[in-house]
Amino acid sequence: MFNRQIEITRENESILFINAVIENLRYGIISLDRMFSGKTLEDYYNNYYDEHTFYFFHMQSVLTAQGNIHNVLFYNYFAQKRICQERVRKVRDDCGIDLSKYPLVGNKDYRNSNAHFDERYYCFDVVGDMNLLKKDTPKRVRNTILSKKSPHLRTLDIENWLYITYDKYGNQIILDLQELRNEMYSMLNELCSCDIRAI
């Protein structure tokens, strides 16, 4: 779709939305692959301010892509508006997407922890934020950051590739980034093999 136009009709609008999903899958995968790449510290940070900025820039990219995909394929917020409900169902049906195969891609709670971080701050009396856990993180520090008694809103464990955060109810939720990457690759493969001529 880049630098191209397509005449959208009610019959073929799914092409537009599936293209948006494919691009967002690619954005998420690019950032996950970059985080997982294992480059040296010098390679990582030449163009970044610091380690935290690097990782949370890419983490934000992943979460934004996840939210955008959710809006196209999983969204039910406007379920009372029939046209939106029908559009979401039509996009899924046209490409034969089985949502049960992609529970992480479609889970917007993780994205919301980032998009609504300001609201999450008010869930707790004391809160930490944007932590990195690494192999050499002292056990005492790791335990403090992961303790539900002293919440740290957004934590990225780059030893185990986990994103640890809190939902709107103050419950700790954990996103396995390697599993998310697997789901994203699988969905991308499925969508890229869909015959758009049949849509």
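Structure shown above.
All values reported here derive from a predicted model rather than from experimental measurement.

Asker: Account for the overall build of the protein, naming residues and giving values.
Answerer: Secondary structure summary: the protein contains eight helices and four strands in total. Helices and strands appear in the protein in the N-to-C order α-α-α-α-α-α-β-α-β-β-β-α. Within the protein, counting contacts between residues at least 6 apart in sequence, those at least 24 apart form 65% of the total. Accessible surface for the protein amounts to roughly 11600 Å². Of this, 49% is attributable to carbon and sulfur atoms.

Asker: Could you give an account of the packing of aromatic side chains, naming the residues involved and the relevant values?
Answerer: Aromatic ring pairs: the centre-centre distance and the angle between the two ring planes describe each pair. Across all of its chains, the model carries three aromatic pairs by this definition. Site record: aromatic cluster; members linked through ring pairs are Phe 36, Phe 54, Tyr 55 and Trp 161.

Asker: I'd love a proper account of unusual backbone geometry, names of residues and values included.
Answerer: A negative phi angle characterises most non-glycine residues, just as the trans form characterises most peptide bonds. Even without glycine at this site, Met 130 takes up a positive phi of about 50 degrees. Here Met 130 lies in the loop between α6 (117–121) and β1 (131–133). The residue Trp 161 is not glycine, and still its phi comes out positive at about 55 degrees. Counting through the fold element by element, Trp 161 comes out in the loop between β2 (155–157) and β3 (162–166). A residue is classified by how much of its surface remains accessible, and Trp 161, at 13% relative accessible area, is buried.

Asker: An account of the sheet that holds β2 is requested, with residue identities and associated values reported.
Answerer: Pairing is mixed in the open sheet, where four strands are placed in the order β1-β2-β3-β4. Unpaired on one side and paired on the other, β1 and β4 (172–176) mark the two borders of the sheet. Geometrically, the sheet is characterised by an average inter-axis angle of 20 degrees between neighbouring strands, direction not taken into account. As judged from the five bridges shared by β3 and β4, these two strands associate in the antiparallel manner. Following the sheet pairing, Ile 164 is matched in β4 by Ile 174. Its contacts with the sheet place helix α3 (residues 51–73) against β1, β2, β3 and β4, and it is angled at close to 100 degrees to β1. Each of β1, β2, β3 and β4 touches helix α7 (residues 139–146); the most contacted strand, β1, lies at about 130 degrees to it.

Asker: Account for the nonpolar core, with residues named and values stated.
Answerer: Membership of the largest hydrophobic core comes to 37 residues, with the highest contact counts inside it found for Met 59, Leu 73, Leu 156, Leu 177 and Met 187. Secondary-structure elements contributing two or more residues to this core are α1 (13–36), α3, α4 (82–95), β4 and α8 (177–192). With nine residues, α3 is the single largest residue contributor to this core. Setting aside residues no more than four positions away along its own chain, Leu 177 makes contact with Leu 32, Met 35, Phe 36, Met 59, Leu 156, Trp 161 and Tyr 163.

Asker: Any chance you could break down the layout of surface pockets for me, citing the residues and the numbers?
Answerer: Of the pockets and cavities examined, the second largest pocket occupies roughly 210 Å³. Lining the second largest pocket, in full, are Lys 108, Asp 109, Arg 111, Asn 112, His 116, Arg 120, Asp 167, Lys 168 and Tyr 169. With three residues, helix α5 (residues 109–115) is the largest single contributor of residues to the lining of the second largest pocket. By residue class, the composition of the lining of the second largest pocket is one nonpolar, two polar and six charged.

Asker: I'd like a rundown of the side chain of Asn 114, residues and numbers included.
Answerer: Checked against the element boundaries, Asn 114 lands in helix α5. Apart from the residues lying within four places of it in its own chain, the contact partners of Asn 114 are Gln 60, Leu 63, Arg 154 and Tyr 163.

Asker: Let's hear about the environment of Ile 29: which residues, and what values?
Answerer: Residue position: Ile 29 is located in helix α1. Placed 32 residues apart in sequence, Ile 29 and Ser 61 show a C-alpha to C-alpha distance of 9.5 Å. In contact with Ile 29, other than residues within four places in its own chain, are Met 184, Tyr 185 and Leu 188.

Each value, and the rule that gives it
- Residues numbered from 1 in each chain as written.
- Predicted model: local features only at pLDDT ≥ 70, side-chain atom pairs only at ≥ 80, totals over all residues.
- Heavy atoms only, no water.
- Helix = DSSP H or I, 4+ residues; strand = E, 2+ residues; numbered from the N terminus.
- Contact = heavy atoms within 4.5 Å.
- Areas by Shrake-Rupley, 256 points an atom, 1.4 Å probe, with all protein chains shown as cover.
- Phe/Tyr/Trp six-rings, centres within 6.5 Å; stacked < 30°, edge-to-face > 60°.
- Buried < 20%, exposed > 50% of the residue type's maximum accessible area, 1.4 Å probe, protein only.
- Pairing = 2+ DSSP bridges.
- Axes fitted to C-alpha atoms, helices over the stretch in contact; angles between N-to-C directions.
- Core = buried A, V, L, I, M, F, W, Y, C linked by side-chain atoms within 4.5 Å.
- 1 Å grid on protein atoms, 1.4 Å probe; cavity = no way out; pocket = protein on both sides within 12 Å on 5 of 7 lines; lining within 4 Å.
- Points joined across faces, edges and corners; volume = space filled by probe spheres on them.
- Nonpolar A, V, L, I, M, F, W, Y, C, P; charged D, E, K, R; others polar.

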